[in-house]
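Now for the letters of each chain:
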Amino acid sequence: MDKYLREQIKLIERLLEKQPKGTDWEAVQRLHRARIGFLQHERLIHLLITLFFGMIFFINALGILLTASWGLLVLAPILMIMTLAYVWHYYLLENGVQKLYRLDGEIEKKLKG
């Protein structure tokens, strides 16, 4: 998904920079907004997964405190790594989508001006 996001950003930045003659900015905007929609869905799914892993990690930590189980202690670093990986991926996805919103604003300026 990260590659898809970067490619979309590069495509729109190139179009805005070079502004080829005869560019149908309305079609560009429709395509761009459709892709933003796909990424918003992806962002929502990753938010839910991130929250799920964070909640499981918290429950596991609570279980360690209450039961002092070695099994839960072994599971804790795995859950922590998974939670941090999902937080990082969500962070990149969120910032990328915010960049796409700014690019949509630039496309909107092309349509008005």
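Everything below is about the structure printed above this text.
These notes cover the structure that comes with them. Fair warning: this is a prediction, and the values are worked out from it, not measured in the lab.

Observations regarding the overall build of the protein
Turning to step 1, where the next piece is worked out: Counting its secondary structure elements, the protein contains three helices and zero strands.
Turning to step 2, where the next piece is worked out: Counting helices and strands in the order they occur from the N terminus, the protein gives α-α-α.
Turning to step 3, where the next piece is worked out: For a compact globule of 113 residues, the expected C-alpha radius of gyration is about 13 Å, and the protein comes in at 20 Å, more than 25% above that figure.
Turning to step 4, where the next piece is worked out: Along the three orthogonal principal directions, the C-alpha set of the protein runs to about 70 × 15 × 15 Å.

Here we look at empty space enclosed by the protein
Turning to step 1, where the next piece is worked out: Under the counting rule described, the total for this entry stands at one cavity of 30 Å³ or more.
Turning to step 2, where the next piece is worked out: Reported here for the largest cavity is a volume of approximately 30 Å³.
Turning to step 3, where the next piece is worked out: Along the walls of the largest cavity sit Asp2, Leu5, His89, Leu92 and Leu93, which together make up its complete lining.
Turning to step 4, where the next piece is worked out: Counting residues per element, the ones that place at least two in the lining of the largest cavity are helix H1 (2-18) and helix H3 (70-112).

Remarks on the side chain of His46
Turning to step 1, where the next piece is worked out: Structurally, His46 can be placed in helix H2 (residues 25-67).
Turning to step 2, where the next piece is worked out: Setting aside residues up to four positions removed in sequence, His46 forms contacts with Tyr86, His89, Tyr90 and Leu93.

Details of the nonpolar core
Most often, soluble globular proteins keep nonpolar side chains buried together rather than apart.
Turning to step 1, where the next piece is worked out: Counting 14 residues, the largest nonpolar core has Ile12 and Leu100 as its most contacted members.
Turning to step 2, where the next piece is worked out: With sequence-adjacent residues up to four places away left out, Ile12 is seen in contact with Val28, His32, Leu103 and Ile107.

What counts and how
Residues numbered from 1 in each chain as written. Predicted model: local features only at pLDDT ≥ 70, side-chain atom pairs only at ≥ 80, totals over all residues. Heavy atoms only, no water. Helix = DSSP H or I, 4+ residues; strand = E, 2+ residues; numbered from the N terminus. Rg over C-alpha atoms; globule rule 2.2 N^0.38 Å. 1 Å grid on protein atoms, 1.4 Å probe; cavity = no way out; pocket = protein on both sides within 12 Å on 5 of 7 lines; lining within 4 Å. Points joined across faces, edges and corners; volume = space filled by probe spheres on them. Contact = heavy atoms within 4.5 Å. Core = buried A, V, L, I, M, F, W, Y, C linked by side-chain atoms within 4.5 Å. Buried < 20%, exposed > 50% of the residue type's maximum accessible area, 1.4 Å probe, protein only.

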